[in-house]
Amino acid sequence: MRLYVNDVAVRDGFQIEKAFVPTATKVELINQLSRTGLHKIEVTSFVSPKAVPALADANEVLAGIDRVPGVVYVALVPNIRGVQNAAATARKPDEVNGVVSASETHNRANINRTHEQSIAELPTMVKVAHEAGMKITMSLSTTFGCPFEGHVHEDVVLDFVGRFRELGFDAISFGDTTGMANPRQVRELTAKVLERFPPPDDRYYTLHFHNTRGMGLANVVAGIEAGVRSFDGSVSGLGGCPFAPGATGNICTEDMVNMLVDMGYDTRIDLAKLLAVARRIPAVVGHDVPGQVMKSGQTLELHEPPRHARS
Ligand code: ZN
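Asker: So what about the coordination of the zinc ion? Which residues, and what values?
Answerer: When four donors bind a metal tetrahedrally, each ideal donor-metal-donor angle is 109.5 degrees, and when six bind octahedrally, the ideal angles are 90 or 180 degrees. Looking at the zinc ion, the protein donor atoms are Asp12 (OD), His208 (NE2) and His210 (NE2), and they sit 2.1 Å from it. Sequence spacing of the donors to the zinc ion: D-x195-H-x1-H. One end of the pair, Asp12, is in helix H1 (residues 9-13); the other, His208, is in strand S7 (residues 205-209), with 196 residues separating them in the sequence. Considered together, Asp12 and His208 belong to a single accessibility category, that of buried residues.

Asker: Which residues make up the packing of helix H7 (residues 154-166) against helix H8 (residues 183-196), and what values go with them?
Answerer: Relative orientation of the contacting elements H7 and H8 amounts to 35°, with a least axis distance of 11 Å. Between H7 and H8 lies a crossing whose hand is right-handed. Residues Glu154, Val157, Leu158 and Val161 of H7 touch H8, and the partners they reach there are Leu189, Lys192, Val193 and Arg196. Of the residues assigned to the contact of H7 with H8, the class counts are five nonpolar, no polar and three charged.

Asker: Describe the pattern of salt bridges, listing the residues and the values that go with them.
Answerer: Close approach of charged atoms allows side chains of opposite charge to pair. For the coordinates displayed, the defined rule picks out 16 salt bridges. Of the charged contacts, one joins Lys26 and Asp57 as a salt bridge, the two residues approaching to 2.9 Å between their closest N and O atoms. On the criterion of sequence distance, the pair formed by Lys26 in helix H2 (residues 23-33) and Asp57 in the loop between strand S2 (40-45) and helix H3 (58-64) is long-range, its members being 31 residues apart. Judged by its relative accessible area of 1%, Lys26 falls in the buried class. In this structure Asp57 comes out as buried when scored by relative accessible area, which is 5%. Members of the salt-bridge network, linked through shared partners, are Arg11, Asp12 and Glu42.

Parameters and conventions
Residues numbered from 1 in each chain as written. Predicted model: local features only at pLDDT ≥ 70, side-chain atom pairs only at ≥ 80, totals over all residues. Heavy atoms only, no water. Donors = N, O, S within 2.8 Å, 3.2 Å for Na, K, Ca; no water. Helix = DSSP H or I, 4+ residues; strand = E, 2+ residues; numbered from the N terminus. Buried < 20%, exposed > 50% of the residue type's maximum accessible area, 1.4 Å probe, protein only. Axes fitted to C-alpha atoms, helices over the stretch in contact; angles between N-to-C directions. Left-handed = near helix turned anticlockwise from the far one by under 90°. Contact = heavy atoms within 4.5 Å. Nonpolar A, V, L, I, M, F, W, Y, C, P; charged D, E, K, R; others polar. Salt bridge = Lys/Arg side-chain N within 4 Å of Asp/Glu carboxyl O.

From the geometry alone we can't say anything about function, so treat these as descriptive.
Below, the structure is given as structure tokens:
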């Protein structure tokens, strides 16, 4: 079964790093990621450089990277201004990704807008993106729970999906921004979404998990069982959310791929190449990272037995 794997480390991961990662390093890492077989790479964000100084070099990153055929290059856009800036840049992203939180309080915290204000902007965002020849997707963050409000009702999620589809978004992603999802909830909620709003193709719905409470990979399996075929991860497990207390990294892309390969799924990813990128990240950010397979090696990288066990 074909699964689509996307990486968001350069955006979701780097945005909260205290030390600015030089543009040339970002470009080099994206170029290396581009040759691992990933479906999409979220490379930057068109946000206020005051709010997120780590990603103030969006134009330079997009201008500097190689575009490998078959890879979709994505930029996050929190509002109309973001879409306009993406449309105006010299080398546009293939796709822009808007974001609204399922919970009203998180929406205010994250993008400083009420739901009403966010929703009012959406038709213009779609229009500006499409007129500029870019696809536009929508991420519904806090789909599985909000750190301020708690449980998010399923009907709220289903209402948003219906709205996004009516408005002509090209794909939808469900963000577990602060790692509150559990596998049963993921299976039940995504099954409902797929039943009520059948996707036009296998890449239409994406699940975006954070591993805050250690349930990230279990949630991926639950999503696959429910019928989702596209998943975000962050190489080496970098990431978090600047406005969500205690949020830790995204699920680790290469740990996820290692699991999916072991389970017999077709990800089209060259895991050795992906691990090579992951192993560069601690030096880039100056601290340890959560990735596990980068430390342990792939499942079938075998070890010399101790002397007494050799025949
Ligand atoms: Zn995230």
